[in-house]
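For reference, the chains in residue letters:
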Amino acid sequence: MSKYHVSIVEYKEPYESVKKAIDLIDGLKDIPNDSKIFIKPNVVYWNRHCDFPKWGMITTSRVVEDVVRILYESGFSDITIGEGIITEDKDDKETAKQAFEYLGYYDLQEKYGIKVYNTFERPFDRINLTDNLSVKMNTDMLNSDFLIDLPVLKTHAQCVVSLGLKNIKGLINIPSRKKFHSADPEQNLHYNVAQLANKIPPTLVIIDGIYTLERGPAMDGKAHRSNILVASRDILSADLVGANLLDIDPSAVPHLVQAAKDRNRTTDLSEIEIKGEKIEVLAKPHEWDYVYKENDTLPLPYAKAGIEGIKYHKYDESMCTFCSMLNGIILTAIKTAYKGEAYDNIEVLTGKEMEPTEGMNKTILLGQCQYTKNKDHPNINELIAIKGCPPSLDELKEGLKMAGIRVPSYFYKNIDKAPLLFMQKYKGKPEFEEAFFQI
Ligand code: SF4
């Protein structure tokens, strides 16, 4: 007998489409009107210096507003939106403020009397997700009576998909996020992500697939206008259906396999009753992985461009988001600085697991984790340490210079505006509407 209900709705119009997705599964049934409601959108990144593609990366403000209005009209008055946006500078409060302003969250505050919190300015409680995994999680969410989890329907380069479960990671503090990317083969990123829902209050997940994303989770991926909404009171069921809509078999998503195992369930859809549209009609293939050349020693496009004399190994799950943010800068620097002459037999190591290869002339250790692990490794001839957790841009610049990866000075001067480049691919495509991120 079916036990879990999931709705799939084609997004057609403001308010009504989200309402339909909620109503099909009685999403607000038995939630008393005096409940404290916490809404968690997915604002994975923000940039104060230039425009950047938000499609498929950030929850649309369309869905956020519709949810708030539906709650308000249903008689709920204690509503909070909370999100913790990662920034390069941990003391930067302006970026979150500007994001919430642009996304219209402060307009919702005025209109519906809700609260809007940057979770990094709020308290965290230490909780045990399992006997071996303790984290600090946002107190407001933990003390709420009902969570509304609003992920985007997207893929993820490390976790394969980033949906309801993964979105909860944005509610833990920075040290806990770093700890999640553990080098422990058992208690790794996938295992940890699968535990994120262990202590949350009753939840309604609404996956926002108005825009979906290939090779996510960030703006270097490729967005599609897909017009899909998925809702469920069961987080795992929502994610299993979401993965199918991205044409990804959940049995190939390690954290969904783990979450199903922990709940004594399967990753197929046999225990789920779908209401609304059919998966087969709306599912579209989405690539999630970045392709590297054989042995994972250089991104394939770099190898094809003939770049030689450098090994830049494929990231593994132990590299956390903070070092990942530097990954793109280093790769772009390698491409920009390459003038047809092979680099000096350099190797770049990232994360907490990689080990130096014998016979390299220069070894760049990116981040404190790599430095601590490999600083005395006998395979290293010349060590270039880019320390810091995460390293600063100045440390990065210095390290690349020492390795002979010399980029023109404008490269670093304009780095804040680099995301503008990703806007190009959406030019002249009217289905990519900025208005979905404004209220
Ligand atoms: S050094 Fe990098 S990978 Fe290691 S914890 Fe710090 S930011 Fe994360």
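Given the structure is predicted, the values throughout are model-derived calculations rather than measurements.

Student: What is the right way to read the overall build of the protein from this model?
Tutor: Summing up its helical and strand segments, the protein has 16 helices and 16 strands in all. The C-alpha atoms of the protein give a radius of gyration of 22 Å, which matches the 22 Å a tight globule of 439 residues would have. Here the protein holds 439 residues, and 44% of them are scored as buried. When contacts within the protein are restricted to residue pairs at least 6 apart in sequence, long-range pairs at least 24 apart make up 69% of them.

Student: Hey, could you run me through the pairing of strand β14 (residues 346-349) in this one?
Tutor: Residues in a regular strand project their side chains so that they alternate between the two faces of the sheet. Burial of β14 is two-sided: the residues Ile346 and Val348 facing one way and the residues Glu347 and Leu349 facing the other way are all buried. Sheet topology places strand β13 (residues 310-312) next to β14; three bridges connect them, and they run parallel. What sits directly across from Lys311, in β14, is Glu347. Taken together, β13, helix α13 (residues 321-337) and β14 constitute a β-α-β crossover, and its handedness is left-handed. Pairing analysis gives four bridges linking β14 to strand β15 (residues 362-366), with the strands arranged parallel. Looking at β15, one finds that Glu347 is bridged to Thr363.

Student: Would you take a moment to explain the site of the ligand for this structure?
Tutor: Near the ligand you find Lys178, Met319, Cys320, Phe322, Cys323, Gly351, Gly367, Gln368, Cys369, Cys389 and Pro390, and these make up its full shell. At the level of secondary structure, the elements contributing two or more residues to the shell around the ligand comprise α13 and α14 (367-374). The element contributing the most residues to the shell around the ligand is α14, with three residues.

Student: Explanation requested: the environment of Phe100 in the structure shown.
Tutor: Within the fold, Phe100 resides in helix α3 (residues 94-102). With 23 C-beta atoms counted inside 10 Å, the residue Phe100 sits in the buried group. Once residues lying within four places of it in the same chain are set aside, the contact partners of Phe100 are Tyr105, Tyr106 and Val116.

Student: What am I meant to see in the packing of helix α1 (residues 16-23) against helix α2 (residues 61-73) here?
Tutor: When two helices pack together, their arrangement is given by the angle between the helix axes and the distance between those axes. Packing of α1 against α2 brings their axes to within 9 Å, and their N-to-C directions diverge by 60°. Looking at the two axes, α1 sits oblique to α2. The chirality of how α1 crosses α2 is right-handed. Of the residues in α2, those touching α1 at Val18, Lys19 and Ile22 are Val63, Asp66, Val67 and Ile70.

Student: Quick question: what am I supposed to make of unusual backbone geometry here?
Tutor: Glycine aside, the phi torsion of most residues is negative, and most peptide linkages are trans. The step from Gly216 to Pro217 runs through a cis peptide bond, and the omega angle for that step is 15°. Within the secondary structure layout, Pro217 lies in the loop between β10 (203-214) and β11 (222-232). Note that the residue after Cys389, namely Pro390, is joined by a cis bond; omega there is 0°. At Asp26, a residue that is not glycine, the phi angle is positive and equals roughly 50°. Looking at where Asp26 falls in the secondary structure, it is placed in the loop between α1 and β2 (36-41). One non-glycine residue with positive phi stands out, namely Asn295, at about 70°. The topology assignment puts Asn295 in the loop between α11 (279-282) and α12 (300-304).

Student: Explain the domain arrangement of the protein here, please?
Tutor: Frequently, the measure chosen for interface size is the accessible area that the parts lose on association. Each assigned domain of the protein is listed with its residue range as follows: domain 1 (4-288 + 423-437) and domain 2 (294-407). Taking the mean C-alpha position of each, domain 1 and domain 2 sit 32 Å from one another. Taken together, the contact pairs eleven residues of domain 1 with ten residues of domain 2. A per-class count over the side of domain 1 that touches domain 2 returns three nonpolar, four polar and four charged.

Student: Got a minute to help me understand the packing of helix α9 (residues 235-245) against helix α10 (residues 254-262) in this structure?
Tutor: Packing of α9 against α10 brings their axes to within 11 Å, and their N-to-C directions diverge by 145°. Relative to α10, the crossing made by α9 is left-handed. Contacts between α9 and α10 involve Leu236, Asp239, Leu240 and Ala243 on the former and, on the latter, Leu256, Ala259 and Ala260. Residues that form the contact of α9 with α10 fall into these classes: six nonpolar, no polar and one charged.

Rules behind the numbers
- Residues numbered from 1 in each chain as written.
- Predicted model: local features only at pLDDT ≥ 70, side-chain atom pairs only at ≥ 80, totals over all residues.
- Helix = DSSP H or I, 4+ residues; strand = E, 2+ residues; numbered from the N terminus.
- Rg over C-alpha atoms; globule rule 2.2 N^0.38 Å.
- Buried ≥ 20, exposed ≤ 12 C-beta atoms within 10 Å, placed from the backbone.
- Contact = placed C-beta atoms within 7 Å.
- Pairing = 2+ DSSP bridges.
- Right-handed = clockwise from strand over helix to strand, strands pointing away.
- Near = placed C-beta within 6 Å.
- Axes fitted to C-alpha atoms, helices over the stretch in contact; angles between N-to-C directions.
- Parallel < 35°, antiparallel > 145°, perpendicular 65-115°, else oblique.
- Left-handed = near helix turned anticlockwise from the far one by under 90°.
- Domains from an automatic or database assignment.
- Nonpolar A, V, L, I, M, F, W, Y, C, P; charged D, E, K, R; others polar.

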